[in-house]
Amino acid sequence: MTSTEASRAMDAAAELIRTLADEGVQHLFINPGTDTAPVQEALAAARKDETPSPRAVLCTHEFVALSAAMGHYFASGTPQAVMVHVDAGTLNLGGALHNAQRNRVPAVIFAGRSPYATSPGIPGHRDTYIHWQQEQLDQQAVVRAFGKWTMEVPRGRDLGLIVRRAYQVARADPRGLAYVMLPREALMEPAGGGLARRLPPPRPAAADPAGLAEVARYLADADRPVIVTSRTGARPAAVAPLVEVAEMLGCPVLDHRDRLSFPPRHPLCAGEAGEVLTDADVVLILDTEVPWIPVQPAPPPDATVLQIDIDPVKASMPTWAYPVDLSLTADTAVALPMLADELRRLITPARAERWTARREQVTARLADLRRSWAALARSAEPAAAPDVMLHALNRVLPPDAIVLEEAVTNRPAVLRQIVREPGGYYATGSPALGWAVAGAMGVKLARPRAPVIAICGDGAFSFSVPTAAIWSAQRAGAPFVAVILNNHAYRASKLPVQRLYPGGAADTEGSFPETDLTPAPSHVDLARAYGGDGRVVRSPGELPAALEYCLGLEADGRCGVIDIQLPPG
Ligand SMILES: Cc1ncc(C[n+]2csc(CCOP(=O)(O)OP(=O)(O)O)c2C)c(N)n1
Ligand SMILES: [Mg+2]
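Keep in mind that what you see is a predicted model, and the values were worked out from it rather than measured.

Calculation criteria
- Residues numbered from 1 in each chain as written.
- Chains lettered and ligands numbered in written order.
- Predicted model: local features only at pLDDT ≥ 70, side-chain atom pairs only at ≥ 80, totals over all residues.
- Heavy atoms only, no water.
- Helix = DSSP H or I, 4+ residues; strand = E, 2+ residues; numbered from the N terminus.
- Rg over C-alpha atoms; globule rule 2.2 N^0.38 Å.
- Buried < 20%, exposed > 50% of the residue type's maximum accessible area, 1.4 Å probe, protein only.
- Contact = heavy atoms within 4.5 Å.
- Areas by Shrake-Rupley, 256 points an atom, 1.4 Å probe, with all protein chains shown as cover.
- Lys, Arg positive; Asp, Glu negative; His and termini not counted.
- Charge placed at Lys NZ, Arg CZ, Asp CG, Glu CD.
- Donors = N, O, S within 2.8 Å, 3.2 Å for Na, K, Ca; no water.
- Phe/Tyr/Trp six-rings, centres within 6.5 Å; stacked < 30°, edge-to-face > 60°.
- Lys NZ or Arg CZ within 6 Å of the ring centre and 35° of its normal.
- Expected span 1.5 Å × (residues − 1).
- Disulfide = S-S within 2.5 Å.
- Near = heavy atom within 4 Å.
- Polar contact = N/O pair within 3.5 Å; in protein donor to acceptor, adjacent residues only side chain to side chain.
- Nonpolar A, V, L, I, M, F, W, Y, C, P; charged D, E, K, R; others polar.
- Core = buried A, V, L, I, M, F, W, Y, C linked by side-chain atoms within 4.5 Å.
- Pairing = 2+ DSSP bridges.
- Salt bridge = Lys/Arg side-chain N within 4 Å of Asp/Glu carboxyl O.
- pLDDT = per-residue confidence, 0-100.

A.B. asks: Before we move on, could you go through the overall build of the protein chain and cite the residues and values that matter?
C.D. replies: Looking only at helices and strands, the protein chain features 23 helices and 17 strands. Over its C-alpha atoms the protein chain spans a radius of gyration of 25 Å, differing by no more than 12% from the 25 Å that the globule rule assigns to 569 residues. Here the C-alpha coordinates of the protein chain stretch approximately 80 × 60 × 45 Å along the principal axes. Burial analysis of the protein chain (569 residues in total) assigns 55% to the buried set. Once local pairs closer than 6 in sequence are excluded, the contacts in the protein chain between residues at least 24 apart make up 76%. For the protein chain, the accessible surface area stands at approximately 23,300 Å², while carbon and sulfur atoms represent 55% of it. Computed over 54 positive and 61 negative side-chain charges, the separation of the two mean positions in the protein chain equals 4 Å.

Pasting the structure below:
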């Protein structure tokens with residue numbers, strides 16, 4: 001058969017597989033149903049014929065599938081594909097839709113749709129009672145609030161173009177989810193005849209030059225500038241120019257660290273210490289969804305607030321109303337080197353002297369802060385136990401380990417004690433909880449040689465559907481280590497009761513309804529039941545051996561759980 005004949009003979013499902021491969025999609029995170037038969041057949045044919053196809057990864061829960069696609073994108077920068085079963089599988093994506101939306105993850109989700117036809121003459125027609133039950137008036141509505149774009153493939157011949165378009169829309173800034181519904185008959189119809197043309201997304205946006213020059217002037221003449229970031233490290237290459245800008249100006253950098261955006265032990269890194277904002281006269285916000293919380297340390301009302309962000313207005317957050325004076329739409333990986341150039345042009349002897357003097361002052365102020373973090377790591381106070389444990393963990397983490405973080409109320413301790421390089425740390429900042437453990441497989445698939453460590457609360461661990469996360473990861477040869485900061489509680493759900501009702505019934509009785517997670521489950525036994533194993537850790541001295549054991553499991557293709565016992569939350 002000639003290649004033209006082969007492509008003419010291709011059905012739409014085969015074209016889907018070929019198109020995904022051609023888009024550079026490496027993994028199809030899939031949970032199959034009656035609707036996916038043509039895709040399963042196409043995958044089998046591609047394996048048999050050794051034609052290009054993404055690797056299918058079975059995920060036994062859809063939350064895990066989308067979380068893994070998200071983790072993969074964080075680590076690889078390339079959009080992946082997810083395939084779920086009709087309305088039911090779409091609903092099971094659950095909170096992962098929210099996490100992917102808030103992190104602008106350009107994945108494409110494919111979902112079956114009940115067949116339309118009942119006639120036996122039409123391939124793929126309805127043949128089970130469930131095909132009536134699973135038909136919804138508006139299946140796409142489930143994802144519409146969270147995705148950028150939804151579409152149904154009406155006929156096989158249209159599939160190629162629609163898939164190309166889905167990836168183009170998903171990858172265009174600001175990025176996001178696309179959702180494509182695939183009726184079974186359409187998948188079994190002939191394809192369009194040859195792969196549809198690629199539709200490349202636009203190149204990253206550069207900042208308006210006049211606006212950038214203005215930002216540079218504000219910063220150059222500021223007395224107490226502060227930079228706030230959270231996701232600049234999503235493009236690790238953007239970190240070096242950010243460091244350069246901060247060093248030139250002698251300016252503290254607050255890193256909320258959804259990705260690691262500023263080296264945590266750099267003398268100008270303020271971690272999450274919002275106090276540096278309270279006397280700022282110029283604040284530059286970079287790639288940050290929540291730069292500060294108004295009732296906590298915040299800039300004075302007369303501070304000049306500047307912003308560079310790929311999505312500065314954040315229309316999907318209805319009341320995002322930070323007092324920004326000058327805002328630029330740009331990819332900071334493009335804009336920051338240009339900002340550094342602008343600042344260099346503005347150097348005068350007087351400015352250089354001021355910037356240098358400030359660098360020394362700020363460095364001294366932040367050194368005190370860092371000493372307080374180190375003191376916490378040595379403290380015997382029960383409240384410091386998370387810092388002590390995390391400090392001990394940080395000492396034994398392999399240099400190339402990648403951390404996924406979902407530590408909830410222990411997040412500040414993670415930020416103080418866990419030190420990674422750009423590209424070695426991911427959080428979502430948007431916890432529909434469960435992402436870290438569910439997403440770890442995706443990171444491991446993207447970076448197979450790096451140990452992958454998910455640090456999470458005991459509540460977050462349960463939300464991850466750990467049975468599916470562990471089993472699916474091991475089956476895919478992408479194991480990880482979960483480190484559970486186990487305070488036997490939903491502490492985050494207890495603290496607001498205490499804060500909002502001091503002296504109230506819950507507070508005086510010391511009883512916070514439905515926040516304690518006792519009797520405690522055995523997380524290690526759970527991992528064991530699914531082929532993994534682990535260790536319970538009660539003191540920091542036990543951590544090195546526990547980590548070594550779990551990294552050994554990981555090297556053997558098994559997941560490890562380290563269940564760190566903390567004082568009750
Ligand atoms: C899917 C989902 N359900 C519920 C919540 C509400 N919630 C926020 S934090 C939290 C408790 C988390 O407990 P844990 O992971 O143990 O962390 P801790 O609060 O103890 O530090 C809950 C239930 C959520 N964020 N996401
Ligand atoms: Mg907890």
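A.B. asks: Go over the coordination of the magnesium ion (ligand 2) with me, naming the residues and quoting the values.
C.D. replies: Only Asp458 (OD), Asn487 (OD1) and Ala489 (O) from the protein reach the magnesium ion (ligand 2) as donors, at distances of 2.0 to 2.1 Å. The sequence pattern formed by the donor residues of the magnesium ion (ligand 2) is D-x28-N-x1-A.

A.B. asks: Would you mind going over the packing of aromatic side chains in detail, with residue names and values included?
C.D. replies: Following the criterion strictly, the structure yields 5 aromatic pairs and no others. Grouping aromatic residues by their ring pairs yields a cluster made of Phe74, Tyr426 and Trp435. A cation over an aromatic ring shows up here: Arg126 above the ring of Trp132, its NZ or CZ 4.8 Å from the ring centre. Directly above the ring of Trp320 sits Lys314, whose terminal nitrogen or CZ lies 5.8 Å from the centroid.

A.B. asks: I'd like a rundown of helix 11 (residues 209-221), residues and numbers included.
C.D. replies: Look at helix 11: 19 Å from first C-alpha to last across 13 residues, which is about the 18 Å you get at 1.5 Å a residue. Those residues of helix 11 lying buried are Gly211, Leu212, Ala213, Val215, Ala216, Leu219 and Ala220.

A.B. asks: An account of the state of the cysteines is needed here, citing residue identities and associated values.
C.D. replies: Taken as a whole and judged by the stated rule, the model has 0 disulfides. In this structure Cys269 is a free cysteine whose sulfur lies 12 Å from that of Cys251, the closest cysteine sulfur available. A residue is classified by how much of its surface remains accessible, and Cys269, at 3% relative accessible area, is buried.

A.B. asks: Could you give an account of the site of ligand 1, with specific residues and numbers?
C.D. replies: Residues in close proximity to ligand 1 total 17 residues, the closest being Thr409, Asp458, Gly459, Ala460 and Ala492. In this structure, an oxygen atom belonging to ligand 1 sits 2.5 Å away from a side-chain N or O atom of Thr409. Here an oxygen atom of ligand 1 sits 2.8 Å away from a polar atom, N or O, in the main chain of Ala489. At the level of elements, helix 18 (458-463) and helix 20 (491-500) are the ones that each hand at least two residues to the shell around ligand 1. Among the elements that line the shell around ligand 1, the one with the most residues is helix 18, at 4 residues. Its residues assigned to classes, the shell around ligand 1 comprises 10 nonpolar, 5 polar and 2 charged.

A.B. asks: Residues and numbers for the nonpolar core, please.
C.D. replies: Grouped together as the largest cluster of nonpolar side chains are 57 residues, with contacts concentrated most on Phe29, Leu66, Val82, Ile109, Met441 and Phe480. No other element matches helix 4 (residues 62-76), which puts 10 residues into this core. If you look at the next biggest cluster of nonpolar residues, it comprises 52 residues, including Val253, Leu268, Leu277 and Ala330.

A.B. asks: Summarise unusual backbone geometry; cite the residues concerned and give the values.
C.D. replies: Pro174 follows Asp173 through a cis peptide bond whose omega is -15 degrees. On the secondary structure map, Pro174 appears in the loop between helix 9 (159-171) and strand 6 (178-183). In this chain, Thr518 is followed by Pro519 through a cis amide linkage whose omega measures 0 degrees. Looking at where Pro519 falls in the secondary structure, it is placed in the loop between helix 21 (505-509) and helix 22 (523-529). Look at Glu50: it is not a glycine, yet its phi comes out positive at around 55 degrees. One non-glycine residue with positive phi stands out, namely Val465, at about 55 degrees. Tracing the backbone shows Val465 in the loop between helix 18 and helix 19 (466-475).

A.B. asks: Quick one: what's the story with the environment of Ala436, residue by residue and with numbers?
C.D. replies: Topologically, Ala436 is positioned in helix 17 (residues 435-446). The buried category is assigned to Ala436, whose relative accessible area is 0%. Between the C-alpha atom of Ala436 and that of Asp525, which follows or precedes it by 89 residues, the distance is 20 Å. The contact partners of Ala436, leaving out residues within four places of it in the chain, are Leu404, Glu405, Glu406 and Ala454.

A.B. asks: How would you sum up the environment of Leu526? Please name residues and give values.
C.D. replies: Along the polypeptide, Leu526 turns up in helix 22. In the structure, Leu526 is positioned 60 residues away from Pro466 in sequence and 8.3 Å away in space, judged by C-alpha atoms. Aside from chain neighbours lying at most four places away, what touches Leu526 is Phe461, Pro466 and Ile470.

A.B. asks: Which residues make up the sheet that holds strand 14 (residues 452-457), and what are the values?
C.D. replies: Reading across from one edge, 13-12-14-15-17-16 is the order of the 6 strands in this open sheet, with parallel pairing throughout. Of all the strands in the sheet, the pair left with one neighbour each is strand 13 (425-426) and strand 16 (533-537). Of the pairings in the sheet, the one linking strand 12 (residues 402-406) to strand 13 comprises 2 bridges and is parallel in character. For Leu404, the partnering residue across the bridge sits in strand 13 and is Tyr426.

A.B. asks: Go over helix 15 (residues 385-396) with me, naming the residues and quoting the values.
C.D. replies: Here helix 15 contains 12 residues, and its C-alpha end-to-end distance of 17 Å stays within 8% of the 16 Å for a straight helix at 1.5 Å per residue. Across the 12 residues that make up helix 15, a large majority, 9, are buried. For helix 15, every residue scored as buried is listed here: Ala385, Pro386, Asp387, Val388, Met389, Leu390, Ala392, Leu393 and Asn394.

A.B. asks: Hey, could you go over the pattern of salt bridges for me, with residue numbers and the actual values?
C.D. replies: Per the stated rule, a full pass over the model turns up 30 salt bridges. One salt bridge in this structure joins Asp22 and Arg164, with 2.6 Å as the shortest N-O distance. Placement of Asp22 in helix 2 (residues 12-22) and of Arg164 in helix 9 is noted, with a sequence separation of 142 residues between them. Here Arg345 and Glu342 are joined by a salt bridge, their closest N and O atoms 3.2 Å apart. Residue Arg345 and its partner Glu342 are both found in helix 13 (residues 332-345); the two are separated by 3 residues, about one turn of the helix.

A.B. asks: Please provide a residue-by-residue account of the confidence of the model for the protein chain, values included.
C.D. replies: Atomic detail in the predicted coordinates should be set aside for any region of low pLDDT. Scored by pLDDT, the protein chain comes out at a mean of 96, with 98% of its residues at no less than 70. Counting contacts from residues 1-8, a segment whose pLDDT is below 50, to residues more than four positions away or on other chains yields 3 contacts.

A.B. asks: Could you give an account of the pairing of strand 10 (residues 304-309), with specific residues and numbers?
C.D. replies: With 6 of its 6 residues buried, strand 10 lies for the most part within the structure. Of the two faces of strand 10, the one lined by Thr304, Leu306 and Ile308 and the one lined by Val305, Gln307 and Asp309 are each fully buried. Looking at chain direction, strand 9 (residues 282-286) and strand 10 are connected through 5 bridges and run parallel. Each bridged residue has a counterpart across the sheet, and for Leu284 the counterpart in strand 10 is Leu306. The pairing of strand 10 with strand 11 (residues 326-329) spans 4 bridges and is classified as parallel. Each residue of the ladder has a partner; that of Gln307, found in strand 11, is Ser327.

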